[in-house]
Amino acid sequence: MQLTLWTYEGPPHVGAMRIATAMRDVHYVLHAPQGDTYADLLFTMIERRGARPPVTYTTFQARDLGSDTAQLLQNAIRDAHERFRPAALLVGASCTAELIQDDPGGLARALALPVPVVPLELPSYQRKENWGAAETFYQLTRALAGARAPAAGSVRPARDPQRRPRCNLLGPTALGFRHRDDVIEIRSLLGQLGIDVSVVAPEGATAADLARLPDADFNVVLYPEIAGPTAAWLQRTFGMPFTRHVPIGVGATRDFIREVAEFAGIDAGPVLEQERSRLPWYSRSVDSTYLTGKRVFVFGDATHAMAAARVARDELGFNVVGLGTYSRELAREVRELARAFGLEALISDDYLEVEARISELQPELVLGTQMERHIAKRLKIPCAVISAPAHVQDFPARYSPQMGFEGANVLFDCWVHPLMMGLEEHLLGMFSNDHEFRNGAAPSHLVATQPPASAEEPSAARAVTAGDPMPWAQEAEQELGKVPFFVRGKARRNTERFAHERGVSLITVETLYEAKAHFAR
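Residues numbered from 1 in each chain as written. Predicted model: local features only at pLDDT ≥ 70, side-chain atom pairs only at ≥ 80, totals over all residues. Heavy atoms only, no water.

Brief notes about the overall build of the chain
- Scanning the chain for helices and strands turns up 19 helices and twelve strands.
- Sorting the 521 residues of the chain into buried and exposed places 51% on the buried side.
- In the chain, of all internal contacts separated by at least 6 residues, the share reaching a separation of at least 24 is 71%.
- When the accessible area of the chain is evaluated, it comes to approximately 24,800 Å², of which 52% is carbon and sulfur surface. (Helix = DSSP H or I, 4+ residues; strand = E, 2+ residues; numbered from the N terminus. Buried < 20%, exposed > 50% of the residue type's maximum accessible area, 1.4 Å probe, protein only. Contact = heavy atoms within 4.5 Å. Areas by Shrake-Rupley, 256 points an atom, 1.4 Å probe, with all protein chains shown as cover.)

What follows is the structure, encoded as structure tokens:
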């Protein structure tokens, strides 16, 4: 555990809350001190859910530590069962309560409640939120579906040819990045293929739904960080295959369609011929060709970061100069993809380390989380959010999936528009001294009715602070402002390096152009 101002993931009990909140008849009793109820706000304020999470807190205080906190926990479990009547009960401890070692699972079993009680052992000081969500989903599925496990060595019966193939969609949770819309898009895509969706879990599922997961023919893993362990257990126990392709981007969606069609024993040709995404044509169109080769840095959870890197390079023609994730459980997969891109992956949950890498690489577009949005804003680099953690604006009211062919359209709009707006800002800067475009100028159709505007004073030179590597003359700063925004940072660094090497004390316009000529050789 690391003391920090900002973190990509919460503790693992927040992951457990995401599973309980996603489901309809599961309740979570959390042994936690007063103050740990802050996590409710993630769901009610960030995701804007219409109800509080189904979580009961023991909320013990400092004075309770001298008495019987175990009895306090048992009372909370009993009261939660009587009040909410859940079909299954999760019990666990927060990072603080973990230290007093009250054994929530053992205390819950001692109550002999008439519903399944699933104890969660989530090591708060070694693991984080996504792992906690995956472990909770796995333990809950084992508890509810495990009784149906066939004898070892049993062969899974073939599907009745008179019945349409069916699958489960695994992985969508509360507080997931565009999970709601991804489920709608993929369900529609599977429907076109003639495949029924048996259960979507954990989002919207009941305890009974988890018990009938083995009734499907195969599982679709939408988010491996959450559903990977559960899908692997279902395959080992019930012989249910699961998908490896995550359908983000046109190419990955086509691969996904072929994969599920193979599992279902159907022909994918008609659906592949009806591809509806506009991304392939838009990315080849005249308006987009200037984007080819733009330098992109990608960071997020492993699923979205890897998918974004492939789409950026293979479908939009960007040059991926950096790739990383905070998902240590899938670090190996990210490193393998980074090596295929000729890069060294950044595996870190320290936002300062990520900021340092972005500053070093100076990309022209950042694809990341809410934190990378803040970093890019400070560095004046266009950015699009592709992954959790995200803020309230990334839980839109509109339909905005990331998966499937419509998701590819959304990716194009969300990634390209920041670059287009950056180009627009650059053009406005280039013409800032024009009589029509300077600050304070009236709209051209109203000029005849407006008094003449006084000429705008030229901008002052950049203030020199102790952290500045080199002072710039006012004229040099103005000349640098004419350099396109997406290479301005590199031009500044090269010029300052050139000046340092030659002992120049003040960068002038002449220094700027000498540096340009030097680095152009």
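Re the nonpolar core
- Grouped together as the largest cluster of nonpolar side chains are 114 residues, with contacts concentrated most on Tyr28, Leu140, Leu169, Leu190 and Trp415.
- Here the element with the most residues in this core is helix α12 (residues 302–314); it accounts for eight residues.
- Those residues in contact with leucine 190 that sit more than four places away from it in its chain are Cys167, Leu169, Ile195, Val197, Phe256 and Val260.
- Formed by 16 residues, the second largest nonpolar core is a distinct cluster that contains Tyr8, Phe299, Leu346 and Val366. (Core = buried A, V, L, I, M, F, W, Y, C linked by side-chain atoms within 4.5 Å.)

Some points on the pattern of salt bridges
- Throughout the structure, instances matching the rule amount to 22 salt bridges.
- Between glutamate 47 and arginine 49 there is a salt bridge, with the nearest N and O atoms lying 2.9 Å from each other.
- We classify glutamate 47 as buried; its relative accessible area is 16%.
- For arginine 49, a relative accessible area of 23% puts it in the partly exposed group. (Salt bridge = Lys/Arg side-chain N within 4 Å of Asp/Glu carboxyl O.)

Considerations on the packing of α12 against helix α13 (residues 331–340)
- Orientation of α12 relative to α13, taken along the N-to-C sense of each, is 15 degrees, at an axis distance of 10 Å. With respect to α13, the axis of α12 lies roughly parallel. When you trace α12 past α13, the crossing you get is left-handed. Two secondary-structure elements touch here, α12 through Ala302, Met306, Ala309, Arg310 and Arg313 and α13 through Glu333, Val334, Leu337 and Ala340. (Axes fitted to C-alpha atoms, helices over the stretch in contact; angles between N-to-C directions. Parallel < 35°, antiparallel > 145°, perpendicular 65-115°, else oblique. Left-handed = near helix turned anticlockwise from the far one by under 90°.)

Let's talk about unusual backbone geometry
- A cis amide bond, omega 5 degrees, links alanine 201 with the succeeding residue proline 202.
- On the secondary structure map, proline 202 appears in the loop between β6 (196–201) and α7 (207–211).
- Across the junction of alanine 388 and proline 389, the peptide omega takes the value 5 degrees, indicating a cis bond.
- With respect to the helices, strands and loops of the structure, proline 389 is situated in the loop between β12 (383–385) and α16 (404–430).
- For arginine 85, which is not glycine, the phi torsion reads 50 degrees and is therefore positive.
- The class for arginine 85 is exposed, based on a relative accessible area of 56%.

What to know about helix α9 (residues 250–264)
- With 15 residues, α9 should cover 21 Å at 1.5 Å per step; its first-to-last C-alpha distance of 21 Å lies within 8% of that length.
- If you check which residues of α9 are buried, you get Val250, Thr253, Phe256, Ile257, Glu259, Val260, Ala261 and Ala264. (Expected span 1.5 Å × (residues − 1).)

Section: the pairing of strand β8 (residues 295–300)
- Buried residues dominate β8, accounting for five of its six residues.
- Where β8 lies against strand β9 (residues 319–325), six bridges are found, and the strand directions are parallel. Counterpart to arginine 295 in the pairing with β9 is asparagine 319.
- A crossover connection joins β8 to the parallel β9 through α12; in handedness this β-α-β unit is right-handed.
- Pairing geometry for β8 and strand β11 (residues 365–368), over three bridges, is parallel. Paired with valine 296 across the strands is leucine 365, a residue of β11. (Pairing = 2+ DSSP bridges. Right-handed = clockwise from strand over helix to strand, strands pointing away.)

Some points on the packing of helix α1 (residues 12–22) against helix α5 (residues 129–145)
- Close contact between α1 and α5 brings their axes to 6 Å; oriented N to C, the two are set at 50 degrees. Taken as axis vectors, α1 and α5 run oblique relative to one another. As α1 packs across α5, the resulting crossing turns out to be right-handed. Between α1 and α5, the contacting residues are Pro12, Val14, Gly15, Ala16, Arg18 and Ile19 on the first element and Glu129, Asn130, Trp131, Gly132, Ala133, Thr136, Phe137 and Leu140 on the second.
- Considered class by class, the residues forming the contact of α1 with α5 number eight nonpolar, four polar and two charged. (Nonpolar A, V, L, I, M, F, W, Y, C, P; charged D, E, K, R; others polar.)

Overview of the sheet that holds strand β5 (residues 166–170)
- Across the sheet, three strands lie side by side as β6-β5-β7; this open sheet has parallel pairing. The outermost strands of the open sheet, each flanked by one partner alone, are β6 and β7 (218–221). Strand-to-strand twist in this sheet, taken as the mean axis angle between neighbours without regard to direction, amounts to 30 degrees.
- Pairing between β5 and β6: five bridges, direction parallel. Across the sheet, the residue bridging to cysteine 167 is valine 197, located in β6.

Structural notes on the environment of tyrosine 399
- For tyrosine 399, the location among the structural elements is in the loop between β12 and α16.
- Exposure remark for tyrosine 399: the relative accessible area of 38% places this residue in the partly exposed category.
- Here the alpha-carbon distance between tyrosine 399 and arginine 180, two residues 219 residues apart in the chain, equals 8.9 Å.
- When residues no more than four places from it in sequence are discounted, the contact partners of tyrosine 399 are Asp181, Ile184, Glu185 and Glu406.

Here we look at the confidence of the model for the chain
- For the chain, the average pLDDT comes to 87, and 87% of its residues sit at 70 or higher.
- Note on residues 453–467: pLDDT under 50 across the span, and 21 contacts to partners over four residues away in sequence or across chains. (pLDDT = per-residue confidence, 0-100.)

A closer look at helix α19 (residues 509–520)
- In this model α19 runs 17 Å from its N-terminal to its C-terminal C-alpha over twelve residues, within 8% of the 16 Å that 1.5 Å per residue would give.
- Within α19, the full set of buried residues consists of Thr511, Leu512 and Ala515. Along the axis of α19, the buried residues cluster in a sector spanning 100 degrees; they form a single face. Exposed side chains of α19 directed beyond 90 degrees from the buried face belong to Glu510, Lys516 and Ala520. (Arc of directions from axis to C-beta.)

Structural notes on the environment of phenylalanine 412
- Along the chain, the position of phenylalanine 412 falls in helix α16.
- As a C-alpha pair, phenylalanine 412 and glutamate 315 span 97 residues in sequence and 9.5 Å in three-dimensional space.

Quick notes on the pairing of β5
- The buried count for β5 comes to four of five residues, which makes it a mostly enclosed element.
- In terms of handedness, the path from β5 via helix α6 (residues 179–193) over to β6 forms a crossover that is right-handed.
- Pairing of β5 with β7 involves four bridges; the strand directions are parallel. When the bridges of β7 are listed, leucine 170 appears paired with valine 221.

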